[in-house]
Amino acid sequence: MSRSGVGPEQHRQGSEADATATPFQAREHQHIRYNPLQDEWVLVSAHRMKRPWQGQVEPSLLKTVPRHDPNNPLCPGATRANGEVNPHYESTFLFDNDFPALQPDAPNPGPSDHPLFQAEAARGVCKVLCFHPWSDVTLPLMSVPEIRAVVDMWASVTEELGAQYPWVQIFENKGAMMGCSNPHPHCQVWASSFLPNIAQHEEQSQRAYQSQHGEPLLMEYGRQELLRKERLVLTSEHWLVLVPFWAVWPFQTLLLPRRHVRRLPELTPAERDDLAFIMKKLLTKYDNLFETSFPYTMGWHGAPMGSEAEANWDHWQLHAHYYPPLLRSSTVRKFMVGYEMLAQAQRDLTPEQMSSSCTGLSRVLVAVATAVVSAASSCPQAWGPPGVQYGQSGRSMTLCCPGVTAGAPVSWSRDGETRLLQGPDSGLGHELVLALADSTDEDPPSRPVVSCRAADYENFSCTWSPSQVSGLPTRYLTSYRKKTVPGADGQRVSPSTGPWPCPQDPPGATRCVVHGAEFWSQYRINVTEVNPLGASTRLLDVSLQSILRPDPPQGLRVESVPGYPRRLRASWMYPASWPRQPHFLLKFRLQYRPVQHPAWSMVEPAGLEEVITDAVAGLPHAVRVSARDFLDAGTWSAWSPEAWGTPSTGPLPKEIPAGGKPYTQPKENPQMDSPAPPRPSLLPDPRPLDHRDPLEQMAVLASLGIFSCLGLAAGALALGLWLRLKPDGKDGHQKPGFLAPMIPVDKLPGETKKSVC
């Protein structure tokens, strides 16, 4: 039966009536496609991609995420909403959802009194699985062994919950666009006592196809896609990724095992390793598509379990769905509204167009990068030494012989062999076509790790490193642009300025410098890692206010103060890289300690000099200083190199030098005043620090004596007042005292008005 109960004959009659001389082209003409897995149809309208877009533009998907946030309930060591503290996990972490949608002890709603008002019991459990202890990574940025640990946890939790519940749904919502409320890499696991709607549809469709054709639906579908090669995205030894013929979402993919597998726990170790590898490649392609952290919803569908786990489920094939919402760019998404909600699913981009976008992504980016880096090369993709070329595995590539003009006869042979190539791999000219070249050494680039820092108000630099070491030659393309600031009405004020190249200093180094930056502006840095098999981009938004970090202060000196055995004078200068304008000031913090003791003391000086008044007499001290913007922009600088000094043990000088200048120790005793004297022993001193000073002890004793006298006087005065005002116990009347004249006689309670002598 076709859609809506209309049989094939009626469809054929309608199509014959509408037939014209124009041949059908899927990329130009609307049509409907059947989804055998869900037993439903989808409308494809590829011509609508030509219409201008005036709809909603999503905000940028890129934002800075701290690696560890103690207030994030998914981070190691953080406290969750229920008061539990997460362990300091280093790999995956599975725990019960604090706000579950399903609970194991929900009551039964009871029988229904009408067939239109039916309700049944729903019980289950909900869990959360954290992929990694860091919040600033996603699955494509994790290593293959780290992803393998996630796969193992998926299989383990499926087996654990499947022993009690018939359906275990593993799903990941990535990105705020998909409703993810926490950027920490994680997924959810819901186990239910019932089979959800989509699972029921897939169960019925797969069972019906097996009954009619004698083999699993998705096994046959995978074989057909491998033969047609129209919608394949990735293939490996054990897995294949394709765009379903019936795909609804613009860049939807289906992940299938090549072997007949019903559930995740049935995967072999080799299949789990290969799954981690192909997931990383797929998600990296997603991120590269629009140069953003690609949002999506994904989930696994395996055969039902629970009490029916031992039943015959051979018609089921394990598979995973990926549903990304992005349509045209990182800020334009597809909405399932209107016709999709009221009639049926509809899409603009055909699955074949989407597949070509994904599979050709690396090839296209390589072509662009090669044109930028090496446009003058006589042979394409001149990455390595002369005669060395790279290409994407699984595709035909053309080798050229450098230095040979077109049309000249050239003989081709394999390295180390004298036999000339014949047949489809042979070449007669300066070019050789290798049909479907294959290699196991494919190593596409990964997104580099980028950080930026400003040492002053006008310039900043960015450094990077590869997140995954590659054996292929690698280059980096760097640029930046100034971001616009939204107006009060939320609209864009002006188009973005730039991009401009970020010059690498020196050329080829993993560092580039932006000169003449504006302090109150925001910039977007683009660092693209390129190798012969592809390119991967990292975009980083920065502002000078947040990345400002001055260089450490310079010229730190520590001098003794003659006659003061507990004082040291420290002085320093601004870093040479800091602009010396009066409105660009720095504030400082100074740390000091006896070299034999580990604990630092810290003060915040008001200028470029500080006198330490509580040094330990007779012990050498280490001193260091740090700087920060006076208005607290950015962060503190690194500590300066330590300087050393020992308090003076000599007598107080009898006269002050002329001019009232601070006393400096004579040069004939340089070992006490040098910024870096010979370092004394750094062995820990078991004796506690003795901060006592005779003069200070006398002052403390005098203060105690004065406070004691004042306390005795106050006590005596209080005792006298109490005795004076004490009531007479014999007649019960209070004797008039010196306070009596302050109280009117006629106001005394219980007394008649009379004269008082």
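What you see is a predicted model, and the numbers here were worked out from it, not measured in a lab.

So, how was this worked out
Residues numbered from 1 in each chain as written. Predicted model: local features only at pLDDT ≥ 70, side-chain atom pairs only at ≥ 80, totals over all residues. Heavy atoms only, no water. Helix = DSSP H or I, 4+ residues; strand = E, 2+ residues; numbered from the N terminus. Buried < 20%, exposed > 50% of the residue type's maximum accessible area, 1.4 Å probe, protein only. Contact = heavy atoms within 4.5 Å. Salt bridge = Lys/Arg side-chain N within 4 Å of Asp/Glu carboxyl O. Pairing = 2+ DSSP bridges. Axes fitted to C-alpha atoms, helices over the stretch in contact; angles between N-to-C directions. Disulfide = S-S within 2.5 Å. pLDDT = per-residue confidence, 0-100.

Engineer: Looking at this model, I keep getting lost on the overall build of the protein chain. Mind explaining?
Structural biologist: When helices and strands are tallied, the protein chain shows 10 helices and 30 strands. Buried positions account for 41% of the 757 residues belonging to the protein chain. For the protein chain, long-range pairs separated by at least 24 residues make up 65% of all intrachain contacts whose partners lie at least 6 apart in sequence.

Engineer: Which parts of the structure should I look at to understand the pattern of salt bridges?
Structural biologist: Close approach of charged atoms allows side chains with opposite charge to pair. Counted by the stated rule, this structure contains 22 salt bridges. Of the charged contacts, one joins Arg80 and Asp98 as a salt bridge, the two residues approaching to 3.0 Å between their closest N and O atoms. With Arg80 in the loop between strand 2 (40–44) and strand 3 (93–96) and Asp98 in the loop between strand 3 and strand 4 (124–130), this pair connects stretches of sequence that are 18 residues apart. A relative accessible area of 7% means that Arg80 is categorised as buried. One salt bridge in this structure joins Arg453 and Asp551, with 2.6 Å as the shortest N-O distance. In this pair, Arg453 is assigned in strand 17 (residues 449–453) and Asp551 in the loop between helix 9 (544–547) and strand 24 (554–560), connecting sequence segments 98 residues apart. Exposure remark for Arg453: the relative accessible area of 30% places this residue in the partly exposed category. Three or more residues are tied together by salt bridges with common partners; here these are Arg148, Asp152, Arg272 and Asp273.

Engineer: Hey, could you run me through the sheet that holds strand 23 (residues 534–543) in this one?
Structural biologist: Strand pairing in a sheet relies on backbone hydrogen bonds. The paired strands run either parallel or antiparallel. Pairing in this open sheet of four strands is antiparallel, and the strands run 20-19-22-23 from one edge to the other. Among the strands making up the open sheet, the edge pair consists of strand 20 (497–501) and strand 23. The sheet shows a mean angle of 20° between the axes of neighbouring strands, direction not considered. Where strand 19 (residues 475–482) and strand 22 (residues 522–531) come together, eight bridges link them in antiparallel fashion. The residue of strand 22 that forms the bridge with Tyr480 is Ile525.

Engineer: Hey, could you run me through the pairing of strand 3 in this one?
Structural biologist: Regular strands place side chains that alternate from one sheet face to the opposite one. Going residue by residue along strand 3, you find Phe93 and Phe95 tucked away on one face and Leu94 and Asp96 left uncovered on the opposite face. Where strand 3 and strand 4 come together, four bridges link them in antiparallel fashion. For Leu94, the partnering residue across the bridge sits in strand 4 and is Leu129.

Engineer: Could you clarify how one ought to interpret the state of the cysteines in this entry?
Structural biologist: Covalently bonding the sulfur atom of one cysteine to the sulfur atom of another cysteine gives a disulfide. Tallying each qualifying case throughout the model produces two disulfides. Covalently, Cys452 is tied to Cys462 through a disulfide, its sulfur atoms 2.0 Å apart. When the S-S torsion is 100°, as for the bridge of Cys452 with Cys462, the disulfide is right-handed. Of the two residues, Cys452 is situated in strand 17 and Cys462 in strand 18 (residues 460–465); the sequence distance between them amounts to 10 residues. The residues Cys452 and Cys462 share a single accessibility class, namely buried. With its sulfur 2.2 Å from that of its partner, Cys502 forms a disulfide with Cys512. As the torsion about the S-S bond is roughly 90°, the Cys502-Cys512 disulfide counts as right-handed. Here Cys512 lies in strand 21 (residues 511–514) and Cys502 lies in the loop between strand 20 and strand 21, a separation of 10 residues in the sequence.

Engineer: Whenever I open this one, the pairing of strand 9 (residues 253–257) confuses me. Can you help?
Structural biologist: For strand 9, the tally of buried residues reaches five of five residues, placing the bulk of the element in the interior. Burial along strand 9 is two-sided: Thr253, Leu255 and Pro257 and Leu254 and Leu256, pointing in opposite directions, are all buried. The sheet contact formed by strand 9 and strand 11 (residues 319–323) spans three bridges and is antiparallel. Residue Thr253 lies in a different strand from strand 11, and its bridge partner there is Tyr322.

Engineer: I'm lost on the confidence of the model for the protein chain in this one. Help?
Structural biologist: Close inspection of predicted coordinates is inappropriate for parts of the model with low pLDDT. Residues with a pLDDT of 70 or more make up 69% of the protein chain, whose mean pLDDT is 77. Taken as a whole, residues 1–9 scores under 50 in pLDDT and shows 10 contacts with residues more than four places along the chain or in a different chain. Low confidence marks residues 486–495, where pLDDT is under 50. Its contacts with residues over four positions away, or in another chain, come to eight contacts.

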